[in-house]
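As a plain string of letters, each chain reads:
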Amino acid sequence: MSESRKIEIPVSLVMERRTRRHGPWAYPQWAAVAVLKVGADGDGIRGGSIRIGSGEVEQHLWSGLRVSLHRDAAESYWYNLVGRQPSLFVICRTGRDGELTPHAVTADYDEAGAHLEADDSVFAVPIAPDIRRRLEEYVMANYDPAPPTKRRRKNWTEASDYGQ
């Protein structure tokens, strides 16, 4: 199976919002619960509440997201897959209303790190088996590691530009 082009995997996301209390203040604490592969493509990101608990816990389902796989990020995908906890990274932004909204889902930890530096919220979620299989196939078809090279030892006994 040749996966040499850009691939998009449609996914849905479950986010959980807990209300935390600290003295007289209450604040939301968000967590990504799961990223699930869906069969049909949707247009645009849509969210909705799927369960409301005791008022302290809410779960929200977001659909219309995609995990985009790009050839130039295949090395990052490979390192993600062979790491201790292969993950998908959910990138969220805070809206004007103060609520957290999912912006993207990626398997590229370099991209996730860039979003962290830009003050976006990033959550790691374990990769679902069907998404992991698809990611592994993509990496096998597109990642060609550079051959290892031997470094030459520097001769420290030779004179340098800075003295002796």
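> I would appreciate a short explanation of the overall build of the protein chain in the present structure.
Counting secondary structure elements, the protein chain contains three helices and seven strands. Per-residue burial over the protein chain gives 35% buried out of 164 residues. Restricting the contact set of the protein chain to residue pairs at least 6 apart, pairs at least 24 apart contribute 65%. Accessible surface, the protein chain: about 11300 Å² in total, of which carbon and sulfur atoms supply 49%.

> What is the right way to read helix 3 (residues 129-142) from this model?
Since the α-helix turns once every 3.6 residues, residues separated by three or four places project in the same direction. The terminal C-alpha atoms of helix 3 lie 20 Å apart, and with 14 residues this matches the ideal 20 Å at 1.5 Å per residue to within 8%. Within helix 3, the full set of buried residues consists of Ile131, Leu135, Tyr138, Val139 and Asn142. Along helix 3, the residues classed as buried sweep out an arc of 100 degrees about the axis, all on the same side. Of the exposed residues in helix 3, the ones pointing more than 90 degrees away from its buried face are Pro129 and Met140. Where helix 3 is buried, its residues touch strand 1 (7-22), strand 2 (25-37), strand 4 (57-69), helix 1 (74-82) and strand 5 (87-94).

> Help me understand the side chain of Glu16 in this model?
By the element assignment, Glu16 lies in strand 1. Classification of Glu16 as buried rests on a relative accessible area of 13%. A polar contact of 3.2 Å, which involves the side chain of Glu16, links it to the side chain of Arg18. There is a polar contact of 3.0 Å between the side chain of Glu16 and the side chain of Gln59.

> Explain unusual backbone geometry here, please?
Glycine aside, a negative phi is what most residues show, and trans is what most peptide bonds show. The residue Asp119 is not glycine, and still its phi comes out positive at about 70 degrees. Note that Asp119 resides in the loop between helix 2 (109-117) and strand 7 (121-126).

> Would you mind showing me how to read the pairing of strand 6 (residues 100-106) here?
Successive residues of a regular strand alternate their side chains across the two faces of the sheet. Within strand 6, five of the seven residues are buried, leaving the element largely enclosed by the surrounding structure. The pairing of strand 5 with strand 6 spans six bridges and is antiparallel. Counterpart to Thr94 in the pairing with strand 6 is Leu100. Taking the residues between adjacent antiparallel strands as the criterion, strand 5 and strand 6 are bridged by five residues, where Gly98 takes a positive phi near 90 degrees.

> How do you make sense of the nonpolar core when you look at a structure like this?
In globular proteins that are soluble, nonpolar side chains generally tend to be buried together. One finds Met15, Val35 and Val90 to be the most contacted residues of the largest nonpolar core, which totals 31 residues. It is strand 1 that contributes the most residues to this core, five residues altogether. Filtering out sequence-adjacent residues up to four positions away, Met15 remains in contact with Trp30, Ala31, Ala32, Val33, Glu58, Gln59, His60, Trp62, Val90, Cys92, Leu100 and Phe123.

> What is the right way to look at the pattern of salt bridges in this model?
Side chains that differ in sign of charge can pair as their charged atoms come close. Overall, the coordinates contain six salt bridges when judged by the stated rule. The residue Glu8 makes a salt bridge to Arg66 at a minimum N-O spacing of 3.5 Å. Of this pair, Glu8 sits in strand 1 while Arg66 sits in strand 4; the two residues are 58 residues apart in sequence, bridging distant segments of the chain. Since its relative accessible area comes to 26%, Arg66 is described here as partly exposed. The salt bridge involving Arg93 is made with Asp120; its shortest N-O contact spans 3.4 Å. Taken as a pair, Arg93 in strand 5 and Asp120 in the loop between helix 2 and strand 7 lie far apart in primary sequence, 27 residues in all. Residues joined by salt bridges that share partners form a network here, namely Lys6, Glu8 and Arg66.

Conventions used here
- Residues numbered from 1 in each chain as written.
- Predicted model: local features only at pLDDT ≥ 70, side-chain atom pairs only at ≥ 80, totals over all residues.
- Heavy atoms only, no water.
- Helix = DSSP H or I, 4+ residues; strand = E, 2+ residues; numbered from the N terminus.
- Buried < 20%, exposed > 50% of the residue type's maximum accessible area, 1.4 Å probe, protein only.
- Contact = heavy atoms within 4.5 Å.
- Areas by Shrake-Rupley, 256 points an atom, 1.4 Å probe, with all protein chains shown as cover.
- Expected span 1.5 Å × (residues − 1).
- Arc of directions from axis to C-beta.
- Polar contact = N/O pair within 3.5 Å; in protein donor to acceptor, adjacent residues only side chain to side chain.
- Pairing = 2+ DSSP bridges.
- Core = buried A, V, L, I, M, F, W, Y, C linked by side-chain atoms within 4.5 Å.
- Salt bridge = Lys/Arg side-chain N within 4 Å of Asp/Glu carboxyl O.

None of this, on its own, says anything about what the molecule does.
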